[in-house]
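# Commentary on secondary and tertiary structure
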Amino acid sequence: MAEPSDPSQAIRQLAKQLDGIPKDLRQKLRPALRAAAEPVVQDARGRASWSTRIPRAISMSVRFSRDPGVLIRVRRSVAPHGRAYEGITGASDFVHPVFGHRDREVAESTRPYLEPAVRAAADNVLAKAAGVVDQVAREQGFR
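Residues numbered from 1 in each chain as written. Predicted model: local features only at pLDDT ≥ 70, side-chain atom pairs only at ≥ 80, totals over all residues. Heavy atoms only, no water.

### Description of the nonpolar core
Core analysis: the largest hydrophobic core is formed by 19 residues, its most contacted members being Val40, Ile54, Ile58, Ile72, Val74, Tyr113 and Leu114. Going through the elements one at a time, helix 2 (23-47), helix 3 (54-57), strand 1 (58-63), strand 2 (69-74) and helix 5 (114-139) are the ones with two or more residues in this core. In this structure Leu114 touches Ala44, Ile72, Val74 and Glu86, once residues within four positions along its chain are discounted. Judged by nonpolar contacts, the second largest core, of nine residues, contains Val62, Ala129, Val133 and Val136. (Core = buried A, V, L, I, M, F, W, Y, C linked by side-chain atoms within 4.5 Å. Buried < 20%, exposed > 50% of the residue type's maximum accessible area, 1.4 Å probe, protein only. Helix = DSSP H or I, 4+ residues; strand = E, 2+ residues; numbered from the N terminus. Contact = heavy atoms within 4.5 Å.)

Structure follows, in structure tokens:
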């Protein structure tokens, strides 16, 4: 099988070949993948520094089962307004009621913080992650 040129595709291909990553391999991969993606989380927190709640609501997790990869999300319980400011619907503004005056609404512009952070570091993070996966796989006896 030919080597994919896209690092994210290479990671998916490896996960598919392993058909369930062994526990000892996951234990070595998890901290390395977290370290590779940590700059994205820090950048997103910096881009959302205008908010007091969004930066602390940004979290990261590494998954190996369903859709393996690194998941960066904004916890809705901490910052319910995070999705609206990110512009998750694709719109450049959103409407919300005025505090204390539910009958009035105001339009506000989005302030994306997560997507720009991911886009800025995507190639670097994917290359690091692919390198880590290759290194750990070689240590485990894979070619």
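### Quick word on a positive patch on the surface
A surface patch of positive charge is lined by Lys23, Arg26, Arg30 and Arg34. Among the secondary structure elements, Arg26 is positioned in helix 2. (Patch = residues over 30% accessible without salt bridge, like charges linked within 9 Å, V, L, I, M, F, W, Y side chains within 5 Å. Areas by Shrake-Rupley, 256 points an atom, 1.4 Å probe, with all protein chains shown as cover. Salt bridge = Lys/Arg side-chain N within 4 Å of Asp/Glu carboxyl O. Lys, Arg positive; Asp, Glu negative; His and termini not counted. Charge placed at Lys NZ, Arg CZ, Asp CG, Glu CD.)

### Things to note about the confidence of the model for the protein chain
A low pLDDT means the predicted coordinates there should not be read in detail. Here the protein chain averages 83 in pLDDT, while 86% of its residues score no lower than 70. Ranking the helices and strands of the protein chain by mean pLDDT puts helix 3 first, with 95, and helix 1 (residues 7-18) last, with 67. (pLDDT = per-residue confidence, 0-100.)

### As for the pairing of strand 2
Of the strand pairs in this sheet, strand 1 and strand 2 are connected by six bridges, and their pairing is antiparallel. When the bridges of strand 2 are listed, Ser61 appears paired with Leu71. Joining the antiparallel neighbours strand 1 and strand 2 is a turn of five residues, in which Asp67 adopts a positive phi near 45 degrees. (Pairing = 2+ DSSP bridges.)

### Some details on the pattern of salt bridges
Per the counting criterion, the structure on display carries two salt bridges. Ionic pairing is found between Arg47 and Asp43, a salt bridge with its closest N-O pair at 3.1 Å. With Arg47 and Asp43 both in helix 2 and four residues apart, this pair spans about one turn of that helix.

### A few points about the packing of aromatic side chains
Using the criterion set out here, one finds two aromatic pairs in the structure. Residues Tyr85 and Phe94 carry aromatic rings whose centres are separated by 5.1 Å and whose planes lie at 85 degrees to one another, so their mutual orientation is edge-to-face. We note that Tyr85, like Phe94, is buried. An aromatic cluster is built from Trp50, Tyr85 and Phe94, whose rings are joined through pairwise contacts. Above the face of the Trp50 ring, Arg111 is positioned so that its terminal group lies 4.4 Å from the ring centre. (Phe/Tyr/Trp six-rings, centres within 6.5 Å; stacked < 30°, edge-to-face > 60°. Lys NZ or Arg CZ within 6 Å of the ring centre and 35° of its normal.)

### Some thoughts on the environment of Gly82
Position of Gly82 relative to the elements: it lies in helix 4 (residues 82-86). Judged by its relative accessible area of 0%, Gly82 falls in the buried class. Measuring from C-alpha to C-alpha, the distance between Gly82 and Pro55 comes to 9.4 Å, with 27 residues separating the pair along the chain. Each residue touching Gly82, except ones within four places of it in the same chain, is listed here: Ile54, Val74 and Tyr113.

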